[in-house]
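What follows is the residue order along each chain.
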Amino acid sequence: MAVRLIRPMSESVVCGFCERNMLRGEEGETLYFGSDSRISCEMCRPRALRGGWRREPSSLEPHSRPTSADRGRLLDRLRGRSGDQRETRPTPAAPPRVRAEPRGASGREKAAIDYFNDSIHTKTIASVAHSLGDPTLTVIDSGPEGVDIVAAWELCWYRWRVEMGHGGATIVEAGRGYEMVELPSHEVAGGVGFSADGKLIRTP
C-alpha cells in the first residue's frame, strides 16, 4: 500500500528528489528503489516512477530492505530537519567566482542576480513555478546589508538575501510565507523575469 504523508500545517517536509519544502496541503508519498526510500512531492512523482522508483517495497528482497540508517534519514525528512538545516544555513553561491566589487544599486542588483543564478535556490523557483505558474520576482537593493530577491505567488513566497564582499557572495533564505498579501508592496513590484530552470532574467 502506498504511503502518503499527513502532517500538521506547521511541519515542513522536504522532497527527496527536488529538495523543495512542500507547500501547505501538498501530499508527499514514499517511493522505493532498492534499499533507498525517498519522500516525493506531487511534481516529482511521475518522473521518479518513470525512472524505476516504486510505490511498494514488497518486491524487495529481505537483504535489500531499507537499513536502520535509511530509516533514520527518512525520519529526518519526515520531521523536516534536513530541509530546515539546508534552508537556514548560509549557502555559498556555486561555482565560486572572483568578481570585481559591484558599484551602485544597479551594479549590486546585477551582481546579486548573477550570484543567485549560480546557486541551488533557482531549483526552488523552477519547482514551485511548475505547480503554481509564473512568480512575481523582485530584486531589492538594501545597500551594505545586501540585496534581497523575492519570489512571490498567490499561495506562497520566498525571500533570499545575497550578501556580497571580497569578490564572493553568501546567499541565505531570509523569509518565506503562504500568501503574497503578507509582503509590502515594494517586495512585489516585479520587474524580473525567469527561465524554465529558475534563473532570473533582468528585464529592461
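Data block above holds the structure.
Colleague: Provide a residue-level description of the packing of aromatic side chains, including the pertinent values.
Modeller: Tallying each qualifying case throughout the model produces 4 aromatic pairs. Centre to centre, the rings of Phe-33 and Trp-53 are 5.5 Å apart; their planes meet at 45 degrees, and the pair counts as tilted. Highlighted residues: Phe-33 in strand β2 (residues 29-33) and Trp-53 in the loop between α1 (45-50) and α2 (68-79), separated in sequence by 20 residues. Judged by centre distance (5.6 Å) and plane angle (5 degrees), the rings of Tyr-158 and Trp-160 are stacked. Chaining the aromatic ring pairs together yields one cluster made of Phe-17, Phe-33 and Trp-53. Over the aromatic face of Phe-17 sits the side chain of Arg-38, whose NZ or CZ is 5.2 Å from the ring centroid.

Colleague: Tell me what's going on with helix α5 (residues 122-132), and back it up with residues and numbers.
Modeller: When we look at burial in α5, the residues that qualify are Thr-122, Thr-124, Ile-125, Ala-126, Ser-127, Val-128 and Ala-129. Contacts made by the buried residues of α5 are with α4 (104-117), β5 (136-141), β6 (147-152), β7 (157-165), β9 (192-194) and β10 (200-202). Phi turns positive, to about 95 degrees, at Gly-133, one or two residues after α5.

Colleague: Describe the pattern of salt bridges, and please don't skip the residues or the numbers.
Modeller: Evaluation of the coordinates by the stated rule reveals 9 salt bridges. Its salt-bridge partner being Arg-38, residue Asp-36 comes within 3.2 Å of it at the nearest N-O pair. Residue Asp-36 is classed as partly exposed on the basis of its relative accessible area, which comes to 24%. One salt bridge connects Arg-202 with Glu-109, and the closest N-O pair in it is separated by 3.0 Å. Taken together, the residues span a long stretch of sequence, with Arg-202 in strand β10 and Glu-109 in helix α4 at a distance of 93 residues. Residues participating in the shared-partner salt-bridge network are Glu-29, Arg-45 and Arg-55.

Colleague: Please set out α4 residue by residue, giving values where relevant.
Modeller: Taking 1.5 Å of rise per residue, 14 residues should cover 20 Å, and α4 covers 20 Å from first to last C-alpha, within 8% of that figure. Turning to α4, its buried residues are Glu-109, Ala-111, Ala-112, Ile-113, Tyr-115, Phe-116 and Asn-117.

Colleague: Hey, could you go over the environment of Ser-35 for me, with residue numbers and the actual values?
Modeller: With respect to the helices and strands, Ser-35 occurs in the loop between β2 and β3 (36-40). The exposure class of Ser-35 is partly exposed, given its relative accessible area of 36%. In the structure, Ser-35 is positioned 22 residues away from Pro-57 in sequence and 9.0 Å away in space, judged by C-alpha atoms.

Colleague: Can you explain the pairing of β7? Please cite residues and give values.
Modeller: Pairing of β6 with β7, which is carried by 6 bridges, proceeds in the antiparallel orientation. Bridging across to β7, Val-147 finds its partner in Val-162. The turn linking β6 back onto β7 is made up of 4 residues. As paired elements, β7 and strand β8 (residues 168-177) share 9 bridges and run antiparallel to each other. Paired with Gly-165 across the two strands is Gly-168, which belongs to β8. Remark: 2 residues form the turn of the hairpin made by β7 and β8, two consecutive strands paired antiparallel; His-166 in that turn has positive phi of roughly 55 degrees.

Colleague: Explain the nonpolar core to me, and be specific about the residues and the numbers.
Modeller: Grouped together as the largest cluster of nonpolar side chains are 23 residues, with contacts concentrated most on Ile-125, Ile-149, Trp-153, Tyr-158, Trp-160, Val-162 and Leu-200. Only α4, α5, β5, β6, β7 and β8 provide two or more residues apiece to this core. Sorting elements by how many residues they give to this core places α4 first, with 5 residues. When residues no more than four places from it in sequence are discounted, the contact partners of Ile-125 are Phe-116, Pro-135, Leu-137, Ala-151, Trp-153, Trp-160, Phe-194, Gly-198 and Leu-200. Counting 8 residues, the second-largest nonpolar core is a separate cluster that includes Cys-15, Met-22, Cys-41 and Cys-44.

Reading guide: rules and limits
- Residues numbered from 1 in each chain as written.
- Predicted model: local features only at pLDDT ≥ 70, side-chain atom pairs only at ≥ 80, totals over all residues.
- Heavy atoms only, no water.
- Phe/Tyr/Trp six-rings, centres within 6.5 Å; stacked < 30°, edge-to-face > 60°.
- Helix = DSSP H or I, 4+ residues; strand = E, 2+ residues; numbered from the N terminus.
- Lys NZ or Arg CZ within 6 Å of the ring centre and 35° of its normal.
- Buried < 20%, exposed > 50% of the residue type's maximum accessible area, 1.4 Å probe, protein only.
- Contact = heavy atoms within 4.5 Å.
- Salt bridge = Lys/Arg side-chain N within 4 Å of Asp/Glu carboxyl O.
- Expected span 1.5 Å × (residues − 1).
- Pairing = 2+ DSSP bridges.
- Core = buried A, V, L, I, M, F, W, Y, C linked by side-chain atoms within 4.5 Å.

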